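Analysis of the macromolecular model
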Amino acid sequence: MRLKRRMIASLIAASVAASVAAPTAVWAQSVNATVRGDGPPNATVTAFNVATGTTRHTQVNADGHYALVGLPPGTYQIDAGPGTGRTLTLSVASTTSLNFPKNGASKTPSTANATELGAVQVSAINLPEVKTSEVGTTITQQQIQSLPQASRNFLEFADIVPGMQFSVAGTSKNTSLQGGAQSPNGVNVYIDGVSQKSYVMGGGIAGQNASQGNPFPQLAIGEYKVITSNYKAEYDQVTSAAVTSVTKSGTNEFHGEVFSRYTSDKFRARTPSENAANKKTTSQEKEYGVAVGGPIIKDKMHFFFTYEGKRFNSPTAVTPTSTTVEAVPYLPADVQAQFGPANNPFLENLYFGKIDWEPTDRDRFELTARVRKEHTNSGIGNGTAASAGVNQINDDKRYALKWAHSADAWYNEMTVSHQSTFFQPTPLNFGNGSIYTYGGANDAQIIDTGPASPLAAQNKGQKGWSFKDDLTLNDLEWAGNHVVKMGVTYRDLTLTAADASDINPQFYYYVTNSGTYSTPYKAFFTKPVTGLGSLSPVVTSKDKQYGAYIQDDWDVTDKLQLNLGIRWDYEDNPSYTGFVTPSNVVAALQGTNPYAVGTPYEGETYAQALARGGINVNDYISNGHQRSNKKNEWQPRLGFSYDMFDDEAHVFHGGWGRSYDRNLYNYLQLETTKSALPQFTVYFQNPADGQCLNGGTPCYAWDPNYLNGLSNLQALVQAGNGGEVDLLNNNLKVPYSDQASLGMSNKIGDWQTDVTFTRIQYHNGFAFVLGNRYPNGDFFQNHSQPWGDGVPGFGGLILGTNGIETRNNEILVSAQKPYTKQSGWGATFAYTMTNAHQNRSVTEHYSFDYATIQDYPFVTSNATPKHRIVATGTFSGPWGIVLGAKLTLATPTPLNSNVCYYPNDQYPDGVTFANGSYCHTVAVKPQGEGRFLVGGKIWGYRDVDFQATKNFDIGHGVTMYARFDLINVFNWKNLVDTNQINITGGPGAETVGYNTSGNIQYYPRTVKFEIGARF
């Protein structure tokens, strides 16, 4: 005992010392399962995987306790000696309790859940994990195969977990996954223990920013677990939900699957915009795939390979923006002709291969490779013509080699991996773009035509190696039994970002009720800066990431388990820390303020005006040395579970923890790329009156030669000084969330239920704010912002800082009746009640309505509805038919907007708010659009999906099947576009309704047909 106590103390001390002295990261999310329990003292516990032949051993200690760790999910025969055999199915990333009689007497296994594995049929117990502080749910292979599905993205099934939302945009069909009231950026997905985090672009998952595609082939996913809060210390770079999934492996039997899926405009209802146009857009979706796996050496080596492809031609409609419809008749005829139906073609190829090798019953090697290649035309639709579309390339390649070694008292897993993910959009056309606007000073865009903006040409990605190692000690005793896990990880990545290209100037044409100006009134373009050292329009950073954690799952008694963990992360991003503010920008900031001439502040510097407005310019000027990487990212993860009667029927659970994410490189790189390839806007005189529209400056006489080459425009501006100046705070913090929960799970007959209260507070979200100030330091004068008081000789001052916050309270209710062959049915129910407030939308990182992000008021969050219900059911019908259904209901999601009360007939003097503006931020909930069967119009989102699969056993182990999915059975219009906010009720009483001919979320009623075979 004294020896084991000293061992635990030494391990903890050594881990903490190592993490402080030589930080090496541990972001190793294990997908393996653990079996813990009691047994005959000194007996050998053996686990045998009936499908692959995998065998693991451990020893029961003198106190009669054991722990088997590192078991790949699957069905096992487990015994502690002759006559004690049990057969059970282990889920991904789970800990299961299995007790053997201390005297070694046999126990009869339950046959509650029969599992078929090729020619082998076993009766297996599927024991749910309930003794845990984590808040989460496991998605099984049975649910993946049996529930209706629109996208064949395996993450779609996470929607059945309380607190989660999987969304399919109606026009673009882009998919996203979010947890709670945070953006998708806070999600992380781990596949076979390897993080898929995106460090450059949004979306949370690498390659999932603005994509219709899948992050991974669904045929290769075995099952996965969704953890919405209170994850253990091994999980990193996540502030909302962690998804950990395990891929399929080959077995001792040769098996495979092939499928083909199809739908078109002939098998779907019209969208609201198609109803308005009285014309349906041609569309088509094709999906197909194949998977094969089997033995290379029986019981020793297996292979698995899969391919999935998508070929979509999704309908969209080129429409004017909602506030400019009345201007369409005054556009030139050739521009009007560009409105109407259009398509967004999309192509995806997904490949995954895996070889596993077990040379001994102690060692396992896994080699995996995954390739994702996507190509699509994007950006076409509301306010953008097909001619202004973007050719979007999205590629992701990942390779990993894993070695796992097990012993009686410990288990070690080491992984080396490589990733290469790049997002590379380019305009479909090249030349001059034409943008038509309406409404004077507000520049309200009607339609964008011709070659897309230079901002559409980007190159953003991440590439490099990572190493991780995790050690689990499973035979430690001190005041109970402990399973202690610790690990380290090191990532060496190159992050790349090019935010624009020196192409495609954009010319703006003003539209009035008398027609369209014959000459443009302004132009937007880029011009490279030379002679400023290392600045480049393409910026790269050798990003190094480190971390360490230790996690102790401590069985204090048979009823009480404590989950005690702590992790620490560190990142070195020299692109941020080593940035040197260009000397001409520093000189302009510290030079005389030209806007102060004729005021009491004449002769003062621009920096003094900023300081008077609360901005210390030295917080943003960098010499390449004062920015620090020491983020102090200590993250305690504490939890408990208490089994009231030691039978796992009634378990209290709770916890508190902190988890850090990353600042996206897409934001950090802007102070470099904007300095190297600045963006300019110049104005042109109207030949009729010699004036620039609304007094825009700089103002030049129009010359048709400006249309004959970008260089002619670039000659108007100085090469050394750019337009906008972007600067980052020298003490940027990392976003994080604090998570607390308290709940109870109960076993009621065949149902597993859970009710949990969670509170999640998100801090330090990244935001850009407007740094411009009037000479006296004001942000508002005469109700106007100082847009004309940018950095002298440059343009607007845009400051990157932290401050976006979300405060979210949730009640999560779930009930699951697992599918069994004996009952022939299964069901799930998930209810989420959310009370969330935020000071800025978590997807809006440009925040120019107030002087600082801290000035924004907290309003009801627009990230999630207050009430959301998701229910599913699966049924075994007659004649080999499998049925599945899904119901989703949600109250309307609030709209966050800056609403303005300018002087008008109702408010002759306007309404001036405390910040000196006519405008204030509000949250307005649209009225519900419909009811579900009975009741009032309380639902903003309603959907019922259905699927039916008919299986045909043709012998020789081959099963053919035909399937159809009926999506949105009742063709409910889940509108997302809103009309202009109605302010006639006054501040605090604003209202808004949906645009009934606008875009929808998800699909109109659609039938999808699928045929396939399993063998």
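Analysis parameters
Residues numbered from 1 in each chain as written. Predicted model: local features only at pLDDT ≥ 70, side-chain atom pairs only at ≥ 80, totals over all residues. Heavy atoms only, no water. Phe/Tyr/Trp six-rings, centres within 6.5 Å; stacked < 30°, edge-to-face > 60°. Helix = DSSP H or I, 4+ residues; strand = E, 2+ residues; numbered from the N terminus. Buried < 20%, exposed > 50% of the residue type's maximum accessible area, 1.4 Å probe, protein only. Lys NZ or Arg CZ within 6 Å of the ring centre and 35° of its normal. Pairing = 2+ DSSP bridges. Axes fitted to C-alpha atoms, helices over the stretch in contact; angles between N-to-C directions. pLDDT = per-residue confidence, 0-100. Contact = heavy atoms within 4.5 Å. Polar contact = N/O pair within 3.5 Å; in protein donor to acceptor, adjacent residues only side chain to side chain. Arc of directions from axis to C-beta. Salt bridge = Lys/Arg side-chain N within 4 Å of Asp/Glu carboxyl O. Core = buried A, V, L, I, M, F, W, Y, C linked by side-chain atoms within 4.5 Å. Disulfide = S-S within 2.5 Å.

Right, let's get into the packing of aromatic side chains. With the rule as written, the count across this model stands at 45 aromatic pairs. Ring centres of Phe267 and Phe1009 lie 5.0 Å apart, and the angle between their planes is 75°; on these two criteria the pair is classed as edge-to-face. Of this pair, Phe267 sits in the loop between strand S17 (255-264) and helix H3 (272-277) while Phe1009 sits in strand S52 (residues 1006-1014), and the two are 742 residues apart along the sequence. Here Phe267 falls in the partly exposed class, since its relative accessible area comes to 32%. Cluster of aromatic residues (ring-pair linked, three or more members): Tyr667, Phe766, Phe768, Trp787, Tyr846 and Phe848. If you follow Arg807 out to its NZ or CZ, it ends over the ring of Phe858, 3.6 Å from the centre. The ring of Phe952 has Lys950 sitting right over it, with the charged end atom 4.1 Å from the ring centre.

Two faces belong to every sheet, and in a regular strand the side chains alternate between them. By the bridge criterion, 10 bridges tie S17 to strand S18 (residues 284-297) in an arrangement that is antiparallel. In the sheet register, Phe259 faces S18, and the bridge partner there is Gly289. Pairing between S17 and S52: 6 bridges, direction antiparallel. What sits directly across from Val258, in S52, is Ala1013.

Pairing in this open sheet of 3 strands is mixed, and the strands run S4-S1-S7 from one edge to the other. Since the sheet does not close on itself, it has two edges, and those belong to strand S4 (65-71) and strand S7 (95-97), each with one partner. Direction aside, neighbouring strands of the sheet carry axes that sit 15° apart on average. Pairing between strand S1 (residues 33-38) and S4: 5 bridges, direction antiparallel. If you follow Gly37 over to S4, its bridge partner there is Tyr66.

So, on to the confidence of the model for the chain. Here the chain averages 90 in pLDDT, and 93% of its residues register 70 or above. The element-level mean pLDDT for the chain is lowest in helix H1 (residues 2-21), coming to 37, with strand S41 (residues 825-838) highest at 98. The model gives residues 1-29 a pLDDT under 50, and that stretch makes 69 contacts with residues more than four places away or in other chains. Contacts of residues 106-123 to residues separated by more than four positions or lying in other chains number 42 contacts, the stretch itself having pLDDT below 50.

So, on to the pairing of strand S15 (residues 221-229). The element S15 is largely enclosed, with a buried count of 9 among its 9 residues. One ladder, built from 5 bridges, connects strand S10 (residues 135-139) with S15; its direction is antiparallel. Looking at S15, one finds that Ile139 is bridged to Tyr224. By the bridge criterion, 6 bridges tie S15 to strand S16 (residues 242-247) in an arrangement that is antiparallel. From the neighbouring strand, Ile221 faces S16, where its bridge partner is Thr247.

What holds strands together in a sheet is hydrogen bonding between their backbones, with the strands either parallel or antiparallel. Strands sit in the order S10-S15-S16-S13-S14 across an open sheet of 5 strands; the sheet is mixed. The strands lining the two open edges of the sheet, one partner per strand, are S10 and strand S14 (194-195).

Structurally, Asn808 can be placed in strand S40 (residues 797-817). The class of Asn808 is buried, set by a relative accessible area of 3%. A distance of 3.4 Å separates a polar atom in the side chain of Asn808 from a polar atom in the side chain of Glu810. Setting aside its immediate chain neighbours within four residues, Asn808 contacts Gly180, Ala181, Thr758, Arg759, Ile760, Thr834, Asn835 and Ala836.

The next point concerns helix H6 (residues 583-590). Those residues of H6 that sit buried are Val585, Val586, Ala588 and Leu589. Seen from one end, H6 has its buried residues packed into an arc of 165°, which puts them on one side. Residues of H6 that are buried in the fold lie against helix H7 (606-612) and strand S37 (725-728).

We now examine the pattern of salt bridges. All told, the structure shown has 41 salt bridges when counted by the stated rule. Where Glu348 meets Arg372, a salt bridge forms, and the shortest distance between an N and an O atom there is 3.5 Å. Separated by 24 residues along the polypeptide, Glu348 in strand S20 (residues 340-360) and Arg372 in strand S21 (residues 363-378) bring together distant segments of the chain. A salt bridge links Glu604 to Arg612, with the nearest nitrogen and oxygen atoms 2.7 Å apart. Here the residues in one salt-bridge network are Arg56, Lys354, Asp356, Glu358, Arg364 and Glu366, joined through shared partners.

Attention now goes to the nonpolar core. Nonpolar side chains in soluble globular proteins generally cluster together in the buried interior. Within the largest apolar cluster, 37 residues are counted, with the highest numbers of intra-cluster contacts made by Ile139, Leu155, Leu177, Tyr224 and Val226. If you list the elements that add at least two residues to this core, you get strand S11 (164-168), strand S13 (188-191), S15 and strand S51 (958-967).

Going through the model one piece at a time under the given rule, you end up with 2 disulfides. Through a disulfide, Cys692 is tied to Cys699; the S-S separation comes to 1.8 Å. Measuring the twist about the S-S bond at about 95°, one finds the Cys692-Cys699 disulfide to be right-handed. Cys692 gets classed as buried once you look at its relative accessible area, which sits at 9%. Ordering the disulfide-forming cysteines of the chain by sequence position, one finds them joined as 1-2, 3-4.

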